[in-house]
Every structure is written in structure tokens, then in C-alpha cells.
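# Structural features, examined
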Amino acid sequence: MHNTALEGSTGMNEIKTEKKNLYLRFSDWMDGALWHRALVLLALSAAVITVFSVYTTPISPYYGNDSAFFLLMGKGVTQGKIPYLDLYDQKGPMIFYVNALGYLLTGDRYGIFLMQIVNLTAACLIVYRLARFWLRSGASLAVVAAYLFVYVGTVQDGRIVLQEVYRFENGVRRKDGHLCWDIDTLAREVINGLRAAHDAGFAPATIGIDTWAVDFVLLDEAGQRIGDAVAYRDERTEGIREALEKEYGLTFAEHYARTGIQYQPFNTVYQLMALKKEHPEQLAAAKTFLMVPDYLNYLLCGVAANEYTNASTTALVGADSKDWDDALLQRLGLPRGIFQPIKTAGTVLGHLTPAVQAEVGFDAEVILPATHDTGSAFLAVPARDEFAAYLSSGTWSLLGVENPRAITNPESCAANFTNEGGYEYRYRYLKNIMGLWMIQSIRRELGEQTGTRPSFPELIAAAKGAADFPSCVDPDDNRFLAPESMIEEVKAACADTQQQVPATTGEVMQCVYNSLTQDYRRAVEKLQMLTGKTYTSLNIVGGGSQDAYLNQQTANATGLPVFAGPTEGTALGNLMVQFIHAGVFADLAEARA
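Residues numbered from 1 in each chain as written. Predicted model: local features only at pLDDT ≥ 70, side-chain atom pairs only at ≥ 80, totals over all residues. Heavy atoms only, no water.

On to the overall build of the protein, then. Across its full length, the protein holds 23 helices and 20 strands. Here the protein holds 593 residues, and the buried ones make up 52% of them. Here the analysis covers contacts within the protein between residues at least 6 apart in sequence; of these, 69% occur between residues at least 24 apart. Per element, the accessible surface of the protein, about 26,000 Å² overall, is 54% carbon and sulfur. (Helix = DSSP H or I, 4+ residues; strand = E, 2+ residues; numbered from the N terminus. Buried < 20%, exposed > 50% of the residue type's maximum accessible area, 1.4 Å probe, protein only. Contact = heavy atoms within 4.5 Å. Areas by Shrake-Rupley, 256 points an atom, 1.4 Å probe, with all protein chains shown as cover.)

Structural data, given as C-alpha cells:
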């Protein structure tokens, strides 16, 4: 029996809050906070008209031009004159009657002055409330560096609407024997994306950046970067976990009990220890440790801070304390002073620096979303109930649930589930699976062979043509992290396990689909055992949710109904935090509704 992946995905345009009617009671328009704004606005209106309304201000001796004639028409109305018969001007009648009312108040131009103040105040309040109704908080901007997009988000009729305004390439290159991110180009492209948002007619009120996890940069005392931004797929961390146990007596079991973070060879702690071994002078010169999104924020606003969801992936943050584990840092000989106070999502870091403002054409607040892309993606999951499991499907597949407390027992350690920090100190209890990286690598490799990269639909069609191919591999095997040839590595893994070796692109693709979905099945089964819950559905978000064939295979393998979407869950979750900060949504429940 096959389970069906539902076709009706929950896309970004279906994430709604309760719809408001345009007709609102006066009390709705004039809530308590708005009365305070109205009084301030009244005073500002009086100041503006006093200073700038040359022909009506009491501080001017003159009263002429149109203003004088409007007063004459208004005075005539109070004396029984009929506009356009007894007195004539080409303007509409409303301005004459407004002037008539002002004349009745004081018998001179000062009544008109008071009416102008009231009218300007009322006009500003109406525009404000209409803007809040139609656009809520205006525009916010999410820079999703892991997926290389810049999105502008607005809220219209209670719905978050995304518009992609910029896209750029990102990748690693070999430098000085290591795989490194071109972090300077990445930073430049962020600026280009912000400028593109401005050129598209947007003036974002806030900016939030999320990226992948674990990677970092170090800054010296002058705030300049030390060394390169080495990528997590680099091989420098080989053997580091074993070295920690041998040289520092830190077993993984103890490490996991302290931090709740799964073993991955590229965890930040292993990268730092590899750097300490290869370039101790860099750590000695360092004054600031920033993860990739932290560094991009620093370049935008000049404020150095570490955000919780990304900091938790370092395996240096206490699972219970939610802060840097000082004892662990001291034990490993890492300088405590370089780590910044940990901030939570929703924290405002500051405004764009004057230099950045000059480049992008506007000013905005830089706000922390869940800077780990998976943390943002989880916020966007429209879970049906507490028995829904999540799958963030992108370069990595992260399958799990949100928990109120970390699970750090030996069984969880043995299963290598992770307790990554989430929004509002939730824990994202996850199994990290290789994900679409294998498919992306196959596509890139085929493009290098033929000169033209096949489309994803073409690769899916090829897999469907080999749907009966039985072999599968372990996608979590480190051999698939950064092989020279993903296609040859898949074939070799099949041969090493005495399985049928794929001979065509379709068979290679089907082998990857088999491998991923069987890994999903095992992860769901283990998740149920560790949490003591039986999960009744699987929500897939992220770019991988567009792959209907993978969704169907996942439903077949796990025996769970699959709900796909939203596709741009990371950008959506990022923007949710910004709109909650702006008061557009009261809380996460309303944003998800």
C-alpha cells in the first residue's frame, strides 16, 4: 500500500492571519497607543504649519494669495452667500466650507489656522492606519545567504508576501590548501542585493540575515579579518575528535551531555581546534569570533554579536545554560574573550552604518532572525499539531521536531540526534542527513561533462525511468561530503556493499532517492523511540519540497502523509521574526496561523 503526498501544498501565499474588514470601529482606529501618537502628531502639525504655512501662520503679518480668497469664500458662506453664484472660485466646495467653519470659530484667520492643524493631524492618522491595514509594518528584508537570494517581504491583508529582488552565486575555492568561502565577494553581494531592493522601489524598515551554520571568521583588535573563512567541507578537521579524547580526555559522550550537539566532523569546535593546531598565531591575535551571519551583520551595522541558533551549532554552548560553556572552553584552551554575548532572535543590533547607507541608498535596522537557516525554516512550518515531524529539505535534510527541553541522554547520543537552539529557546531536535547535496553535485558534474547542466525535472524524469532500481547507500557516510566525483562515489559505495552498481544517470538518481528516503524512514523511527511519541504527518519545507517525486517516495518509505511547502521556508521564517518585532504579528502562533 502506498501513501500519497498531498498535492495541495501550503505555499507562502497561504500563510494567513485573521483577515480584517476595512470597516473598523472608531475604537479600533484609535487604540490607546494611537491616542499618544495623535497628541504628538497634533503638536508636530502645529509646528509645521506655524513655520511653513506662510499665508496662514500667526507669526506672519501677511495673509494673501489663495488663502485669503478661501477665507473670503468661507466668510461669505457664514453670511448666507452661495458658492459659485454669489462668489466664485474654480476650487471644489469642501475647502470653502472648511474655511467657513474656521471663521465661525474665531471670526478671523486664526480659526483657519486651527482647522489646518486638525486636518493635517487627521490626514496623517488616516494614512498611518490605512498603511498598517494594507501593508502592516511595510517592508522588511531577508538576506538568505545559504540559498543566495535576497527577498523583500511585506504583509498584505494579513499575509506575508515575498518578492525575490536579487540572486547571486556562492561557492568555495581552494586556497592555501583549504576549501574557503569567498567571504569578501559574499559580503559585496549582500550590499548589491540591498541596493537592488532599493532600486526596485523598496525601503525596508528592517534587515535580517541567515546562512548555514558552523563556519566562522576571526577579527583582530582593529576589527579586521584574520585569515580565511574556511568552509565546513574542508578536510582540516580529520582526526580532531579523536585528538580531543586523547589529548584533553574529552569523550564524545561527555561532550554531547554538555552541549547536546551531534557529532559532525565539521562542527565549529573541531574547526577551532584544527586552527589552533595549524595556525595558533591566528587564535592568539584574535579579539572577536563571529559566525558567517554574525560577520555579515557586523559589516552592515558595526555591531559584533553571536546569535543563539547559530552559536548552538558550535558544540561550545551549554544545552541547559544556553550560554558559552566556560569550563569547556578553558579545558580546550580556547580564548574565552573572543566569544561575544549571545543574543536571541528579535534583537535589534543597530542601523546601517553611514558608509553602507551611502552605498545602498537607504537606512534600516539590522535585526537578528534565527540566523541558522534551518532555525528560520522551522519557524515557517505550518504544523497541523504536536504530532507533526518536520523535514527541512535543502542542501542538507534536517528531520526532527521542536522540544521545550534538550534530550541529552546516552540513547540520544548513540543515535547522534542534535539539540540545536531554536527561536525563543526552543530546541530543534534533529537528525542531520546529507540531503540534496548529492543531487546538486550530480547535476553539476553532468554539466561539466556535457557543457549543459540538466534541469532538475530532467533528472527526476531519469529517476522515474529507473524506478525499480533497488540499490541504496548511506548518505551520511563522510565519503559523500566532498568527493571528486559524486557519481563515481555512489557507484563505488554500491560496489563496496555488494549491491547492483548503477549504470545510467537514471539509476544513479534512483539510488540517491532510495538512499535519502530510507534514511528519512530510519530517522522517523528513531525519533519516535527517543521522544516517546508517534508522529502522524511529515511537513517538508525548503527547496526540496518542490520535488514531488521525492515527496512521494518519502511518503511511501515513512508511511506518513507528507505536506509540502512552503518552498521558501527559510526566508519566510526570517521575515516572521522581523514582523513579530515590528508588532505586525503578536507572536509565532499568529505568524504561523
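A word on the sheet that holds strand β7 (residues 216-219). Strand order in this open sheet of 3 strands is β8-β7-β10, and the pairing throughout is antiparallel. Looking at strand neighbours, the two that pair on one side only are β8 (225-226) and β10 (288-291), the edges of this open sheet. As paired strands, β7 and β10 are joined by 4 bridges and run antiparallel to one another. Counterpart to Val217 in the pairing with β10 is Leu290. (Pairing = 2+ DSSP bridges.)

Attention now goes to the packing of aromatic side chains. Tallying each qualifying case throughout the model produces 18 aromatic pairs. The interplanar angle of 45° and the centroid separation of 6.5 Å between the aromatic rings of Trp181 and Tyr232 together place this pair among those described as tilted. Linking Trp181 in strand β5 (residues 178-181) with Tyr232 in the loop between β9 (229-230) and α7 (240-248), this pair joins segments that are 51 residues apart in sequence. By relative accessible area, which is 13% here, Trp181 ends up buried. Here Phe252 and Tyr263 contribute two aromatic rings whose centre-to-centre distance is 6.1 Å and whose plane-to-plane angle is 80°, an arrangement assigned as edge-to-face. Highlighted residues: Phe252 in helix α8 (residues 252-259) and Tyr263 in the loop between α8 and α9 (268-278), separated in sequence by 11 residues. (Phe/Tyr/Trp six-rings, centres within 6.5 Å; stacked < 30°, edge-to-face > 60°.)

Overall, the predicted model of the protein reaches an average pLDDT of 85, with 84% of residues at or above 70. Within the model, the stretch residues 131-137 combines pLDDT values under 50 with 23 contacts to residues more than four positions away or in other chains. (pLDDT = per-residue confidence, 0-100.)

Two elements in contact, helix α19 (residues 486-496) and helix α20 (residues 505-531), have axes separated by 11 Å at closest approach and are oriented at 70°. As summarised for this structure, α19 and α20 are arranged roughly perpendicular, according to the angle between their axes. Judged by the twist between their axes, the crossing of α19 over α20 is left-handed. Listed contacts from α20 to Ile487, Val490, Lys491 and Cys494 of α19 are Val508, Cys511 and Val512. In terms of residue class, the contact of α19 with α20 is built from 6 nonpolar, no polar and 1 charged. (Axes fitted to C-alpha atoms, helices over the stretch in contact; angles between N-to-C directions. Parallel < 35°, antiparallel > 145°, perpendicular 65-115°, else oblique. Left-handed = near helix turned anticlockwise from the far one by under 90°. Nonpolar A, V, L, I, M, F, W, Y, C, P; charged D, E, K, R; others polar.)

It is worth spelling out the sheet that holds β5 at this point. Spatially, the 3 strands line up as an open sheet ordered β4-β5-β9, and their pairing is antiparallel. The sheet terminates laterally at β4 (172-175) and β9, the two strands that pair on one side only. The sheet contact formed by β4 and β5 spans 4 bridges and is antiparallel. Looking across to β5, one finds that Val172 is bridged to Trp181.

Another point: unusual backbone geometry. The backbone phi angle of Lys322 is positive, close to 60°, even though this residue is not glycine. Checked against the element boundaries, Lys322 lands in the loop between α12 (308-311) and α13 (326-332). Within the chain, Asn416 stands out as a residue other than glycine whose phi angle is a positive 60°. The exposure class of Asn416 is buried, given its relative accessible area of 18%.

So, about the pattern of salt bridges. What the rule picks out here adds up to 19 salt bridges. Residues Glu359 and Arg195 are paired through a salt bridge, measuring 3.8 Å at the closest nitrogen-oxygen approach. Taken together, the positions of Glu359 in helix α14 (residues 354-360) and Arg195 in helix α6 (residues 183-199) put the pair 164 residues apart, joining distant regions of the chain. On the accessibility criterion, Glu359 (31% relative accessible area) is partly exposed. Two residues, Arg336 and Asp326, come together in a salt bridge whose shortest N-O distance is 2.5 Å. On the criterion of sequence distance, the pair formed by Arg336 in the loop between α13 and β12 (342-343) and Asp326 in helix α13 is long-range, its members being 10 residues apart. Look at Asp326 and you get partly exposed, because its relative accessible area is 45%. Several salt bridges converge on common partners, so that one network encompasses Arg174, Asp234 and Glu235. (Salt bridge = Lys/Arg side-chain N within 4 Å of Asp/Glu carboxyl O.)

As a further point, take the nonpolar core. Membership of the largest hydrophobic core comes to 129 residues, with the highest contact counts inside it found for Leu218, Phe289, Leu300, Leu316, Trp324 and Leu332. Counting residues per element, this core draws most heavily on α20, at 11 residues. When sequence neighbours within four positions are dropped, the list of residues in contact with Trp324 reads Phe289, Asn306, Ala311, Thr314, Leu316, Val317, Leu329, Arg336, Phe339, Gln340 and Ile342. With 20 residues, the next largest nonpolar core counts Ile160, Met576, Leu588 and Ala591 among its residues. (Core = buried A, V, L, I, M, F, W, Y, C linked by side-chain atoms within 4.5 Å.)

When two helices pack together, their arrangement is given by the angle between the helix axes and the distance between those axes. Put simply, α6 and helix α11 (residues 292-301) touch, their axes get as near as 11 Å, and they point 55° apart. Classified by the angle their axes make, α6 and α11 are oblique. Regarding α6 and α11, the two cross each other, and that crossing is right-handed. Residues Ile183, Leu186, Ala187, Val190, Ile191 and Leu194 of α6 lie in contact with α11, whose contacting residues are Val292, Tyr295, Leu296, Leu299 and Leu300. Considering only residue class, the contact of α6 with α11 consists of 11 nonpolar, no polar and no charged.

Once that is clear, we can look at α6. Here α6 spans 24 Å end to end across 17 residues, near enough to the 24 Å set by a 1.5 Å rise per residue. Where α6 is concerned, the buried positions are Ile183, Leu186, Ala187, Glu189, Val190, Ile191, Asn192, Gly193, Leu194, Ala196 and Ala197. Positive phi shows up at Gly201, right after α6, with a value of about 100°. (Expected span 1.5 Å × (residues − 1).)

Looking along a regular strand, one sees side chains alternate from face to face of the sheet. Along strand β6 (residues 206-210), 5 of the 5 residues are buried, which leaves the element largely enclosed by surrounding structure. As paired strands, β6 and strand β14 (residues 365-367) are joined by 2 bridges and run parallel to one another. Bridge pairing links Thr206 to Glu365 in β14.

Here the focus is the environment of Leu334. Residue placement: Leu334 occurs in the loop between α13 and β12. If we skip the residues at most four places from it in the chain, Leu334 touches Leu272, Met273, Leu283, Leu316 and Leu329.

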